[in-house]
There are 2 protein chains.
Amino acid sequence: MLFVDFMLLSSACVYGLRASVYLASVSDDSYVSITKISEELDISRHFLTKVLQKLTDNDIMESMKGPKGGVRLTRPGDEIVLLEIVAAIDGMDILTECALGLPGCGTAKPCPIHDQWADTRDEIRQMLTETTLRNLVDRGKAGNLRLTEEGEFKWA
Amino acid sequence: MLFVDFMLLSSACVYGLRASVYLASVSDDSYVSITKISEELDISRHFLTKVLQKLTDNDIMESMKGPKGGVRLTRPGDEIVLLEIVAAIDGMDILTECALGLPGCGTAKPCPIHDQWADTRDEIRQMLTETTLRNLVDRGKAGNLRLTEEGEFKWA
DNA sequence: CCGTAAAAAGACAAAATACTCCTTAATCTA
DNA sequence: TAGATTAAGGAGTATTTTGTCTTTTTACGG
Ligand code: FES
Ligand code: FES
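Residues numbered from 1 in each chain as written. Chains lettered and ligands numbered in written order. Predicted model: local features only at pLDDT ≥ 70, side-chain atom pairs only at ≥ 80, totals over all residues. Heavy atoms only, no water.

Participant: So what exactly am I meant to see when it comes to the protein's contact with DNA strand D here?
Facilitator: Near DNA strand D, the surroundings consist of 25 residues, among which Ser33(A), Ile34(A), Lys50(A), Ser63(A) and Ser44(B) are the closest. The sugar and phosphate moieties of DNA strand D supply 59% of its atoms located within 4 Å of the protein. A distance of 3.0 Å is found between a phosphate oxygen of DNA strand D and a backbone nitrogen or oxygen belonging to Ser11(B). A distance of 3.1 Å separates a phosphate oxygen of DNA strand D from a polar side-chain atom of Tyr15(B). Elements with a contribution of two residues or more to the surface near DNA strand D: helix H3 (45–57) and strand E1 (61–64) of chain A together with helix H1 (11–26) and helix H3 (45–57) of chain B. Taken together, the residues of the surface near DNA strand D sort by class into 10 nonpolar, 11 polar and 4 charged. (Near = heavy atom within 4 Å. Polar contact = N/O pair within 3.5 Å; in protein donor to acceptor, adjacent residues only side chain to side chain. Helix = DSSP H or I, 4+ residues; strand = E, 2+ residues; numbered from the N terminus. Nonpolar A, V, L, I, M, F, W, Y, C, P; charged D, E, K, R; others polar.)

Below, the structure written as structure tokens:
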């Protein structure tokens, strides 16, 4: 995709989220090949492969090799919250680190921005914890929302 | 500083914020040399110079060359909000871009996460808009809070 | 006017992130 | 068992961010 300045989530994380939503939307127990996902979502196949490996390593997805192989979610979409995916790919830094980059937020003496940042951080955490893949799929299907740049994506 | 994973703000932005808070804390109208700031805050002098240039370009600071030169804030600390500094250095991307990296958030057809993200984004914006440099200085002085890694910093 | 101190500007180096390509291992089908 | 298909693994490239270094410009102080 490229040309993205500074965002909340890394590109890898965004790809992981979109792939997870996609898998939750097809929702039968069959494996879907990463090639298929990358084509549907217009993401580099090789890069997506690496990203999804992190999700299989973290037991959010499971994979099978060979013909008819691919990846699938280990649990139904309403049992997977966004925070799990973000944590698996980007780590928890955004929810634990000091806004001024000082080491040991929460344990060491705070910085002047700590109180405000802690509150804001909680809002982010809450959003990522309360939103499930199922929520996004339901909303996406109901409003025929966009999951790719061009919006040519068709919900299952 | 190094080794920072994925954060809300870039390193450059964090340095700019810390330098701004420092300048607001000394608060007389004299210029402070960037060398002095970099030593007080333990930030690379050359890198900080480049960061502060963005702030002078955006009329948040003004500078003077030569002996007795340096930088200072253009306005008192209670008239400068954090958002100005963040916008000058990192841009407004974090407050305008789609959480899933799709182009045209707000104008184009939304993505499934848009509603939640828009709310969270507003919280971030509100925090950055309501907090002034003066707020941080007051809090920092009152609690002798930390502005450097080691916490050896002394408020004026 | 001269020397010095400081920011500005620009070239360069290192590290992290984003992305590509090739090989290997596993699994299915015939 | 052989061939095809697909994920996994690893090496390599490109771009951005971070950081360093050197030179130039501007202002002060004598
Ligand atoms: S110490 Fe800075 S945000 Fe917690
Ligand atoms: S379109 Fe994705 S957050 Fe607005």
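Read on, since the account is not over.
Participant: Help me understand the pairing of strand E2 (residues 70–73) of chain A in this model?
Facilitator: Consecutive residues of a regular strand have side chains that alternate between opposite faces of the sheet. All names here are of chain A. By the bridge criterion, 4 bridges tie E1 to E2 in an arrangement that is antiparallel. Note on E2: the bridge partner recorded for glutamate 62 is arginine 72. Between the end of E1 and the start of E2, which pair antiparallel, lie 5 residues, with glycine 66 showing a positive phi angle near 85°. (Pairing = 2+ DSSP bridges.)

Participant: Could you clarify how one ought to interpret the packing of H1(B) against helix H2 (residues 34–41) of chain B in this entry?
Facilitator: Two numbers describe a pair of packed helices, the interaxial angle and the distance between the axes. Residues and elements named next belong to chain B. One can describe the packing of H1 onto H2 by two numbers: an axis separation of 11 Å at closest approach and a directional angle of 105°. Relative to H2, the element H1 is oriented roughly perpendicular. Each of Arg18, Ala19, Tyr22 and Leu23 in H1 lies in contact with H2, whose residues at this interface are Lys36, Ile37, Glu40 and Leu41. Grouping the constituent residues of the contact of H1 with H2 by class yields 5 nonpolar, no polar and 3 charged. (Axes fitted to C-alpha atoms, helices over the stretch in contact; angles between N-to-C directions. Parallel < 35°, antiparallel > 145°, perpendicular 65-115°, else oblique. Contact = heavy atoms within 4.5 Å.)

Participant: Any chance you could explain the relation of the copies chain A and chain B here in plain terms?
Facilitator: The second copy of the chain is related to the first by a rotation about an axis and a shift along the axis. For the pair chain A and chain B, the superposition axis carries a translation of 0.0 Å, the fit reaches an RMSD of 0.0 Å, and the rotation angle comes to 180°. Here the copies are linked by what is in effect a two-fold axis. Across chain A, the rotation axis passes nearest the C-alpha of Leu8(A), at a separation of 2.9 Å. Comparing interface residues between copies, 100% of those in chain A also sit at the interface in chain B, which points to an isologous, same-surface contact. (Least-squares fit on C-alpha atoms with pLDDT ≥ 70 in both.)

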